[in-house]
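Reading the structure
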Amino acid sequence: MIRIHAVTRRFGEVTALDGVSLEIEEGEFFALLGPSGCGKTTLLRVLAGFETPDSGTVTLDGQDLLGVPAHRRPVNLMFQSYALFPHMNVEKNIAYGLAREGLARAEIGERVAAVLATVGLTAHARRRPHQLSGGQRQRVALARAIVKRPRVLLLDEPLSALDKQVRAEMQLELKRLQHQVGITFLVVTHDQEEAMSLADRIAVLDRGRVQQVDTPVELYRHPRGRFVAGFVGANNVFSGRLLPSGGLDVPGVGVLPAPAGKAAGLVGVRPESIRLAAQGADAHLHGTVLDISYFGGSSRIAVTVPGLDRPVLLTVPGPATVTSGARVALSWDPESAVLIETTGDTP
Ligand SMILES: Nc1ncnc2c1ncn2[C@@H]1O[C@H](COP(=O)(O)OP(=O)(O)OP(=O)(O)O)[C@@H](O)[C@H]1O
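Quick caveat: nothing in here was measured; it's all calculated off a predicted structure.

**Topic: the domain arrangement of the protein chain**
- We note that the domain assignment places domain 1 (2-221) and domain 2 (234-345) within the protein chain.
- On a C-alpha basis, the centroid separation for the pair domain 1 and domain 2 is 39 Å.

What follows is the structure, given as structure tokens:
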């Protein structure tokens with residue numbers, strides 16, 4: 001198990017990591033998710049040994065890791081595929097690290113062959129990187145990292161260079177591989193969909209601080225704090241006061257469906273929980289359709305509501321039945337509204 005405790009790293013005025021504590025289990029697929037500049041790469045570099053924190057500790061199975069030089073750590077950083085050696089074929093690229101470790105030729109041959117089979121590139125062993133597709137190059141980069149049999153594999157935005165379809169394929173591939181090799185994977189990404197689809201657990205970082213660590217489902221269902229609520233999946237966040245009899249009283253808007261409570265705070269309602277309602281008794285909000293985005297299987301509708309500073313988003317299956325400029329009524333079940341953050345208790 002990796003235990004990161006109170007790790008802080010400053011660069012002049014910038015605090016890249018601000019008291020980060022995390023525990024990553026053996027064999028886990030763990031993601032660090034956050035916007036650009038939140039400190040993800042710095043944390044990865046600390047684990048890899050390319051960066052020393054100002055304070056804090058990192059242990060692997062109880063053993064200090066920070067005092068161990070980078071090349072002695074049982075941790076490997078997977079570089080982007082453009083870091084492959086262009087003049088070496090696939091096999092040689094993969095064998096390179098093992099040869100440097102001084103392993104016997106026979107063992108290198110066996111290990112390279114095994115890993116080539118694992119990533120499905122046996123038939124391409126003699127090709128050079130420029131003779132491969134982006135996805136295949138990414139597999140070589142992966143093979144090169146896992147052939148060294150690290151305990152922990154660090155991946156920095158591993159799929160960002162790939163186009164959408166290849167990316168989806170590689171996500172499946174990465175998960176399958178991680179399962180097969182049983183190595184702990186720690187992936188860094190700013191793409192929440194990627195983190196959700198890959199990881200067993202996700203740590204959301206903002207400005208050098210861990211905001212929440214949870215499974216993808218929990219992060220989506222019960223985001224804690226405004227940042228996570230807005231960053232992980234689309235969300236509608238309403239600010240108001242929960243009423244003991246049920247509902248959220250939003251100043252200037254009215255009482256919106258929400259469970260009973262006593263706190264003033266922020267409540268989130270996911271776009272797929274909101275439906276178009278008939279005007280009248282069962283409608284809770286009224287507004288004007290601002291924009292419609294069609295995604296094939298579903299559509300996202302943005303509705304401007306007087307009194308709210310951001311449009312309300314809702315998702316409907318298939319093409320939308322309304323058009324821009326239409327007046328619509330919106331509704332949702334109280335149970336689908338979750339308290340994200342309290343801003344004070346009502347006396
Ligand atoms: N060597 C450095 N010198 C000065 N500032 C740095 C250095 N490395 C990182 N920083 C700063 O620390 C902060 C965190 O950087 P980091 O690269 O960890 O972010 P990130 O979340 O990985 O972002 P991105 O997704 O853009 O790579 C940023 O403000 C960055 O400018």
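**A look at the sheet that holds strand β15 (residues 275-277)**
- In space, the five strands of this open sheet follow the order β15-β19-β16-β17-β18, with antiparallel pairing throughout. Each edge of the open sheet is held by one strand with a lone partner, namely β15 and β18 (312-317). Pairwise comparison of adjacent strand axes, ignoring direction, gives a mean angle of 55° for this sheet.
- In the sheet, strand β16 (residues 285-294) pairs with strand β19 (residues 327-331) via four bridges, with the strands oriented antiparallel. By the bridge assignment for β19, H286 is matched with A329.

**Regarding the site of the ligand**
- Within the structure, the ligand sits among F11, V14, A16, G34, S36, G37, C38, G39, K40, T41, T42 and H190.
- The set of elements that each furnish at least two residues to the shell around the ligand consists of β2 (14-24) and α1 (40-48).
- Broken down by element, the shell around the ligand gets its largest block of residues, three residues, from α1.
- Here the residues of the shell around the ligand are counted per class, giving four nonpolar, seven polar and one charged.

**Section: the pairing of strand β7 (residues 152-156)**
- Taken across its five residues, β7 has four buried, putting it largely inside the fold.
- In terms of strand pairing, β7 meets strand β8 (residues 184-189) through five bridges, oriented parallel. Note on β8: the bridge partner recorded for L154 is L186.
- Handedness of the β-α-β unit built from β7, helix α5 (residues 164-181) and β8 comes out right-handed.

What counts and how
Residues numbered from 1 in each chain as written. Predicted model: local features only at pLDDT ≥ 70, side-chain atom pairs only at ≥ 80, totals over all residues. Domains from an automatic or database assignment. Pairing = 2+ DSSP bridges. Helix = DSSP H or I, 4+ residues; strand = E, 2+ residues; numbered from the N terminus. Axes fitted to C-alpha atoms, helices over the stretch in contact; angles between N-to-C directions. Near = placed C-beta within 6 Å. Nonpolar A, V, L, I, M, F, W, Y, C, P; charged D, E, K, R; others polar. Buried ≥ 20, exposed ≤ 12 C-beta atoms within 10 Å, placed from the backbone. Right-handed = clockwise from strand over helix to strand, strands pointing away.

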